[in-house]
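# Tertiary structure, described
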Amino acid sequence: MEENLIEEGESSREGEVAPALIVIHPRDKSAAVAVGPELRVYDIAGNCPISLSDDSGGPSHSESIRAIGFGANGSVFASAGDDKLVKIWMTDSWHCTKTVYAEKRVSAVAVSHNGQHVVFADKFGLVWAIALGEGDEGQAPIDNKAVPILGHYCSIITSLKFSPDGWFIASADRDFKIRITVFPKRPRKGAHEIQSFCLGHTDFVSCLAFARPIDYPQGFLLSGGGDSTVRLWDFISGRLLHTCDFGAQAGLVKSNGTEMEGGSAVIDVCASCDGSLIAVAIQSLHGIILLNCDFSARTLSIAKVVTMEESYVPTSLGLSDLPKHLWMVMGVSNIPTLGTTKLLSRVRVVSGFLKDPSDSSVRNAIIMGDSEVPGSEKLLEKLQGSLDVAEEEVTLAATAAAVKTSVHNLLIKKQYSLEKRELQKRSRNDKKLKQ
Amino acid sequence: MSKNNNSNMRQNGQSARLPRKRFYRARAHSNPLSDSHFPIPISPADVDYSQHYPHFFPSERSDDDNGSVPPTKVRFADIGCGFGGLLVGLSPLFPDILMIGMELRDKVTEYVKERILALRATNPGKYENISVVRTNSMKYIPNYFEKGQLSKMFFLFPDPHFKEKNHRRRVISLQLLDEYAYALEVGGIIYTITDVEELGDWMRSCLEDHPMFKAVPEEELEADPVVKLLSSATEEGQKVARNGGQTFRAVYRRIMLEDG
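Computed from a predicted structure; not experimentally measured. (Residues numbered from 1 in each chain as written. Chains lettered and ligands numbered in written order. Predicted model: local features only at pLDDT ≥ 70, side-chain atom pairs only at ≥ 80, totals over all residues. Heavy atoms only, no water.)

A few words now on the pairing of strand 4 (residues 150–156) of chain B. Where a strand is regular, its side chains alternate between the two sheet faces. Residues and elements named next belong to chain B. Most of strand 4 is tucked away: 7 of the 7 residues are buried. Pairing geometry for strand 1 (residues 74–79) and strand 4, over 3 bridges, is parallel. Residue Phe-76 lies in a different strand from strand 4, and its bridge partner there is Lys-152. (Buried < 20%, exposed > 50% of the residue type's maximum accessible area, 1.4 Å probe, protein only. Helix = DSSP H or I, 4+ residues; strand = E, 2+ residues; numbered from the N terminus. Pairing = 2+ DSSP bridges.)

Residue and element names in this part refer to chain A. The strand order across the open sheet built from 4 strands is 22-23-24-25, with neighbouring strands paired in antiparallel fashion. Edge positions in the sheet fall to strand 22 (266–271) and strand 25 (299–307), since each has one partner strand and no second. Neighbour to neighbour, the strand axes of the sheet diverge by 25° on average, direction disregarded. Examined bridge by bridge, strand 23 (residues 278–282) and strand 24 (residues 287–294) share 4 bridges and lie antiparallel to one another. If you follow Ile-278 over to strand 24, its bridge partner there is Leu-291. (Axes fitted to C-alpha atoms, helices over the stretch in contact; angles between N-to-C directions.)

All names here are of chain B. Grouped together as the largest cluster of nonpolar side chains are 44 residues, with contacts concentrated most on Tyr-49, Ile-100, Phe-145, Met-153, Tyr-180 and Ile-190. If you tally residues by element for this core, the top one is helix 6 (residues 174–183), at 5 residues. When residues no more than four places from it in sequence are discounted, the contact partners of Phe-145 are Pro-44, Tyr-49, Val-74, Ala-77, Ile-100, Met-102, Leu-150, Tyr-182 and Ala-183. Grouped together as the second largest cluster of nonpolar side chains are 34 residues, Phe-83, Phe-94, Tyr-127 and Leu-221 included. (Core = buried A, V, L, I, M, F, W, Y, C linked by side-chain atoms within 4.5 Å. Contact = heavy atoms within 4.5 Å.)

Judged by side-chain charge, A:Lys84, A:Lys104, B:Lys163, B:Lys165 and B:Arg168 come together as a positively charged surface patch. Positionally, B:Lys165 belongs in the loop between strand 4 and helix 6. Looking at B:Lys165, the relative accessible area reads 63%, which means it is exposed. (Patch = residues over 30% accessible without salt bridge, like charges linked within 9 Å, V, L, I, M, F, W, Y side chains within 5 Å. Areas by Shrake-Rupley, 256 points an atom, 1.4 Å probe, with all protein chains shown as cover. Salt bridge = Lys/Arg side-chain N within 4 Å of Asp/Glu carboxyl O. Lys, Arg positive; Asp, Glu negative; His and termini not counted. Charge placed at Lys NZ, Arg CZ, Asp CG, Glu CD.)

Residue and element names in this part refer to chain A. Counting buried positions along strand 27 (residues 325–331) gives 7 out of 7 residues, so the element sits mostly inside the fold. Sheet topology places strand 26 (residues 316–319) next to strand 27; 4 bridges connect them, and they run antiparallel. Within strand 27, the position partnered with Ser-316 by the bridge is Val-329. Between strand 26 and strand 27, which pair antiparallel in sequence order, lie 5 residues. In terms of strand pairing, strand 27 meets strand 28 (residues 345–351) through 7 bridges, oriented antiparallel. For His-325, the partnering residue across the bridge sits in strand 28 and is Ser-351.

This paragraph deals with the UniProt feature "active site" (unreviewed entry) in chain B. All names here are of chain B. Residues annotated by UniProt as "active site" (unreviewed entry) correspond here to Asp-159. Its place among the elements puts Asp-159 in the loop between strand 4 and helix 6. By relative accessible area, Asp-159 is classed as partly exposed at 26%. With residues near it in sequence (within four places) discarded, Asp-159 still touches Ala-28, His-29 and Leu-199. (UniProt positions renumbered as here; feature names shortened; annotations may be inferred.)

Now for the UniProt feature "binding site: S-adenosyl-L-methionine" (unreviewed entry) in chain B. Residues and elements named next belong to chain B. Sites flagged by UniProt as "binding site: S-adenosyl-L-methionine" (unreviewed entry) map to Gly-80, Glu-103, Leu-104, Asn-136, Ser-137, Leu-156, Thr-234, Glu-235 and Glu-236. Tracing the backbone shows Asn-136 in the loop between strand 3 (130–134) and helix 5 (137–144). Looking at where Leu-156 falls in the secondary structure, it is placed in strand 4.

Written out as C-alpha cells, the structure reads:
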C-alpha cells in the first residue's frame, strides 16, 4: 500500500509536464507555439513577431497550455490549458477578445468551421461550447459562459476535431473511443446525435486528423494512439478501413537508422487537406514518419521516415492547408530534473512536399536548416524563445524523457497484477472484521 | 474464505440446482469511475454471442440449411441487471428475442450466469435467450451494441448516489442518454424505475430534457406486459414491495431528433 502511495505521489507531480505545441494558420499566415503558459506567435506573411494583447479583461495563461487551434478559415484562434482558462483570439489583430473560465482543466480545443463557436474538452470528459459574436437566435447578447454539449464518461478527452464539411465533431478519449457527433446548428442545446463510434484502438487515442481527398468529398478520419498504430476510418459508419502498425513495422524503422526504444505511442498525426501528406510523430522516434494513403484502396503505408538528430523527438506537428512545409516543435513546460526556468522549445521545418504531388512515393522531404525556414532566425527566435537552443543538447534530451513520462502518466492505465488486486481487496474495511 | 470455496465446488458439481444468493454476497456498490481490469470487446463485432446463446448460434455442423441467415442480434439490454430477476421474468414472454444483462459486480455476474445455466438445465429449451456480461455499461455500451441495435433498455432500481458530487455516477444522465439513444432503434423504449423519489425525479427530468426521448403515454404503458415486470420481477422491486415502499417509473420512447 505504501509503495503505491509513493508511486501516485510521484506521478501527480511529473504529470504536470506539458509538451510544447505548434499550429500553423490554414493559409500559412502565422505560426503559433505554446510552451508552458507562454504563447508565441510569429507572423509568417508579414515576417515579424507578433505581440499579443488582451482586451478580454480576463487573466492571461498562468499554467501550461494544453491545446491550441485555428478555425478553418484562420480568423479565430483558441488556447486553453491547466489554468482552466479558454482564451479566444482574433487573428487579424491578435487581440484576445474573450476569456472563458472552465470548471476543470482543459485538454482539447477546436473552433467550428463558421467561426461561430469554440468547443473545448476537460479532463472529466465533458465537451463544452462557447458562442462567439452576436446571438444568432435573435436573443439578448450571449453570456460568457460555456455550456456542456456532450460527454465521454469521465474519460480524458485527448483530441477534438471538426470534420472537413463542418457537420461533425470528432472526440477521442483515453478509453480507446472515438465518438463522431453531429454538430448541431444550435450547439447550446447540446450535441446529442451520435453518428458513430470508431472503435478499434486497443489503447488510448492521442490524436485525430481529417483528410478530404478531391474524389471523396465526405473525407476520412485518421487517428493515432497508444497502441502505436495509425488507423484510417470511414467515420460516417465508424468502419475501420486500415491500420498501420508501427510496432509491427519497427524493423523497417530501424533499417532507416533510427532506434526505437521505450514506448512507441503515436503522439501526433497531421494530414494535409487532400490527404496527400500525412505525418506522424511517435514517442521516442528521432524524427517523423510520412504516410502514404491510397484512398481508393483504403490503405495506409509508410512512405518515408525522416530522421533527425539523436536528441530531437517532436512533441507536436503543424501543417497548413497548403502544405509547403511541415512544422514540428519539441519542448516541455518545465523539466523537473534540470530545474531550469527557461521555457525551451526547438522548431524544425521539413519541406519539399510539393515537388511531385501526383507521385507521392517520390517525396524529397528534407529538413531545412535554421536559416532556410520561412522567417529564418527571426521566426525561430520568437517561437523557440531563443536562438541557441540547438546547442543545449542536454536540455533537449531531458525534454524527450520528460515528455515520455508525462504521456505515460497522463494516459496509460495502471496495470495491477492479480496478487496486488487481491492485496488491495484484503485491506478493505468490510472484510477486515473477519480476519 | 474456505467456506465459500466449498460451496462453489458444490455448485459446480450440481449445476442443475439453482445457485443460492447467500453464497454470492457482494458489495452493494461498485465504482463506475475506476479503470476496468476485466476484458472489454474492442467493438460489437468482437463479441462472441454464440457462447452466450448456444441455442441461437448452432455450431457449424448443423447449419447446413440456414447458412445465409444473418445472426440474431441482442435486442433487449438490462443495464445493472443485479441478480437477474427481470431477465428471468422476460425470457418466457419473448422466447425468440435475445436479451443481455450487464452488471459491474463480478460476484453478482457469476451468480446470474449460474442461475441461467441452472434454469436452462432444469427447463430444457427454455431460458436460452438470456445471458449476462460483466461490464461497465456507463463506459462500454458502444463496445457491445451497434447503432440502433436495441429495442428495449432497462434501468431498474439503479444506485441513487445522493451527494451532488456523485451525481456523475448516476447511470441516467443527459450525456449518457446520448449513448443510449445511439444504441436504441427509433421507436425503442427505455424503462426506468426506482424507489427513491429524488432519483425518480432526476431520471424523469433527464429523459424529459433529452431531445431524442419522448414519454410513452399512460394507456400504452397499461397494455405493455413488460411494465408490470418492472416492479414485480426484480429482487430489488420485490424488496420494495415487501416493505410497502413507493416506486417511481419513467418510460420513454426513442424518437428522431427534430432538426434544429
